[in-house]
Amino acid sequence: MASLRPRLLMPEAPALVAAHGRATLLTPDGEVLTLTGSHIAEALGEYPPPFLVHAPATARRLDLPRFLDALDLLELFAFALPARHAAPTPRGLAQALDLPPPEDDEAAAALLPEIASRLLRALADEAGGPSGREAAGMAAQLAGAADWPWAASVLAALGQSDAKPSRDAFKPWRRLPDWEETAPPPPPSSFDVTGADARRRLAEMLGSGAEQRPQQADFASAAAHAFAPRDAEGAPHMVLAEAGTGTGKTLGYIAPASLWAERNGAPVWLSTYTRNLQRQIDQELMQLFPDPEERRARVAVRKGRENYLCLLNLDEALGQYGLRPMALPLALVARWAGATRDGDITGGDFPGWIGELFPPGTLYGLGDRRGECIRSACAHYKKCFVEHSIRRARTARLVVANHALVMVQAALGGGEDGKPTRYVFDEGHHLFDAADAAFSAELNGVETAELRRWLLGAEGGRSRAKGLRARIEELAGDIPELLPPLDLALREARCLPGGGWYARLTEGTPPPEDAVTEIFLHAARRQILARAPEDDGVYTLEVDLQPVAEEVAETGAALGRALQALEAPLTYLKELLAKRLEVPEGEGDEEMEVGERIRLETAMRGIERRALMPLAAWRGMLKQLDLPPREAGTRPLMVDWLQLDRREGRDVDAGLHRHWLDPTIPFARTVAGSAHGLLVTSATLTDAAKRHDPEAAWHEAEARSGALHLPNPAIRAAMPSPFDYATNTRTFVVTDVDARQPGAIASAMQQLFLASGGGGLGLFTAIRRLREVQARLGPALEARGIPLYAQHVDAMDNATLVDIFRAEENSCLLGTDAMRDGVDVPGRALRLLVFDRVPWPRRTILQRERRLYLSGGRPQDYDDTHARHKLRQAFGRLVRRADDRGVFVLLDRACPSRLLAGLPEGVTAQRVTLAQAVAGTRELLGLPAPMGSDAEEP
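Residues numbered from 1 in each chain as written. Predicted model: local features only at pLDDT ≥ 70, side-chain atom pairs only at ≥ 80, totals over all residues. Heavy atoms only, no water.

Caption draft 1: Region of interest: the sheet that holds strand β7 (residues 268–272). A sheet is described by the order of its strands in space; here seven strands give the open sequence β8-β9-β7-β10-β15-β6-β16, paired in parallel fashion. Across the chains shown, the open sheet's two edge strands, defined by having one partner strand only, are β8 (299–301) and β16 (715–719). Put simply, the sheet's adjacent strands are angled 20° from each other on average, direction ignored. Pairing geometry for strand β6 (residues 237–243) and β16, over five bridges, is parallel. What sits directly across from Leu240, in β16, is Arg716. Against the sheet, helix α9 (residues 214–223) makes contact with β6, β15 (677–682) and β16, and its axis sits at roughly 170° relative to β16, the strand it touches most. (Pairing = 2+ DSSP bridges. Helix = DSSP H or I, 4+ residues; strand = E, 2+ residues; numbered from the N terminus. Axes fitted to C-alpha atoms, helices over the stretch in contact; angles between N-to-C directions. Contact = heavy atoms within 4.5 Å.)

The structure is reproduced here in structure tokens:
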């Protein structure tokens, strides 16, 4: 007998699919309307709220007000299938649900009701079980609290149309497991991993039927040298391994890393630069550990604390879910929290588009972005996602991390995870930039106001930032001797920017007389405006700190004294907490030894990291104000400058910045020097333009990885790509386009994108030019059936845009440098890459100083190397598989040939007209010439 299933209740609604300025509307009667201009709003007003995908992006594309009651299929997807990924388009949802992908907008509109039906059936499968009952209680709550358009359909699918609203359904911690404390792991052994061992492990991972890739086995053998026992303290084995695209380097280094971890009982940290590759490595590990439970035990993904959902923040936000704007987003987060693998709310299995469906900042406070974690004093401490990840990393064999976390942990002396002895740094060409970010300092309004907030709390705001007093009381209890230094520190903290500082600084309003930090920032702003060489009112301004204006020197000295007065009682407070921990063994209450120790250490660590470390850095920066200007030609270790930050043409902050000229120095001291072995790998480590001089080519890799600052020379290894770039790619420098004119760029990109039939990525060196080109290009492309998406334009983050670009094979995407780093799109979805200009380094004070002191007396060579690396890395995105074909185009006719010498061997750049580039693109990609002309202006 057929099983009984709940009846599906589908709303009677039209289906809407949007392009730039054009809508396809499928009416409930089955009529298909193609609408433009004012007709869109008129037609929508005649029908009930429509089915659509991504309401904010749809509204922006149609230039309409935000949809409030639309039946957004992304909301239903996130509710029905939490912790599942899908690109937020009709085609992306169809692929996620194993439905035939639509070929055009009309087919997409017709598919939307079927997608809704499929999602409701997925919910019907939960009916009767605990998950179904909780979903019904949540839907009933949403029906009343938010008038959720999907509520009635969800309840009908679950067979519980009369379900009672349930607040408990919004509390995922009731279903989450506790973590359990275990004994500290024993010290690791020192067994070796040979090249032969690594090759055998790789063969086991790949299986007998796998394609043979000799370069991959050679890479695994070379990587094994990083896992040899260390011979002297501070002298790690460092391997620099360049592996061309297609080598299979991920499994190549996992082979020796996993073998060393098993033999020695300690984790190897696999570090990446981007979230995309972090996710990709995690997926590759499925080959090594196909069983999910075994993989969970042996593999941990680690990110910074701010990346995880904070259950206490969610708990407190739920107090607001009676308000319509908060009810639905918190419901979707709660559904996800009950299904997630690791609680990572900035990547992992959390769909990034969830936050885009609601007003900006709606979900911002759900992570611990302000360092307010109270650790063991939290009611949800035993279920905390962060604490789970920390404990899993301690017992895991492979920890998938990112460069930023590794650098920050090292700067903090090991952090919560301790210091690993073995690292693999994938995307190693980004080590320099990651170290630069981690070991720099900023003394500005945002950072100093944040410290005040951490010390004094919200000072009347609605946030739960309780301040240091409440935090100490929660963690350390009532300890009378802590009160005098605590009270003094909180009084001195009022030297930091208080409420209204932002408006006063950006509007030039004089600060209060006792606001010494604000007074310094105002003086810095005046020096910047007085000395900036050019000011168009839009872009961030920088000026040299030296020679220091008298006002900046005086206000900086006053601020230095105020910060020292704040630092002194905080230091004493930390010392008092440390003394409480110094209880001789065998004395005191055992219960205190276990519980109180954790609390006291947490309080002490918080004071050190959140207050004392930045205060020491700021005071060190301010001391530079008393020094005479350095003489021209001398080589400092640091560079300091004043900066006025702007966003959308509005001043947003001002302050003093400090960076290492060579940030690989602190990297070598704190990360590499304390390790026993590390592998640094990338497809673009060396300067390929110098391949005729291997020593010069490798010097770039050694300089930017910190190898030059280590006692042992790095072991070098290079594996060429197996791809036939000469056959499968074309490279054009277009000579008849004026790259200074947005209209000319838009016209050129339109013709190229049409010639490739979509699948084009346009990269820009300036956001303003990107927006100008997108405005001209979007309608023209979409009229030809090629969707266009753009960073800084569409209401989506970069990861969402890349997911869409990957799913929509014939779409095009515009972005800046950050987009280039995040794109990993194998297959036809990326078959054309167009640069508007040569990606020279930005003209900043930091770049100027590094150009002088790190170039070996060849400043132009420093600039060339920077641009060559960016072009080479972008080129590598085009061909990700052996059968990929791709066209690489530069619209900058002034591009020097020496910059293109770094492209793969066999690739020859041709200087051609735009018409020739268009014809060459069609020829390589096998597309016929159009019947009409593609050369019309956008």
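Caption draft 2: Inspection of the pairing of strand β17 (residues 729–734) at higher detail. Counting buried positions along β17 gives five out of six residues, so the element sits mostly inside the fold. Where β17 and strand β23 (residues 909–912) come together, four bridges link them in parallel fashion. In the sheet register, Phe732 faces β23, and the bridge partner there is Gln910. (Buried < 20%, exposed > 50% of the residue type's maximum accessible area, 1.4 Å probe, protein only.)

Caption draft 3: Summary view of unusual backbone geometry. The peptide bond linking Gln546 to Pro547 adopts the cis configuration, its omega dihedral lying at -5°. At His792, a residue that is not glycine, the phi angle is positive and equals roughly 70°. Position of His792 relative to the elements: it lies in the loop between β19 (788–790) and α31 (798–807). Residue His792 is classed as partly exposed on the basis of its relative accessible area of 35%.

Caption draft 4: Spotlight on the nonpolar core. Formed by 79 residues in total, the largest nonpolar core has its most connected members in Phe79, Val154 and Leu309. Among residues more than four places away in sequence, those in contact with Phe79 are Leu123, Ala135, Met138, Ala139, Leu142, Trp148, Val154, Leu332 and Arg335. Trp454, Trp618, Ala654 and Leu656 belong to the second largest nonpolar core, which has 55 residues in total. (Core = buried A, V, L, I, M, F, W, Y, C linked by side-chain atoms within 4.5 Å.)

Caption draft 5: Summary view of the pairing of strand β13 (residues 638–647). Burial of β13 is extensive: eight of the 10 residues sit out of reach of the surface. Across four bridges, strand β12 (residues 541–544) lies against β13 in antiparallel orientation. When the sheet's bridge partners are listed, Asp544 is paired in β13 with Trp641. Pairing geometry for β13 and strand β14 (residues 650–660), over 10 bridges, is antiparallel.

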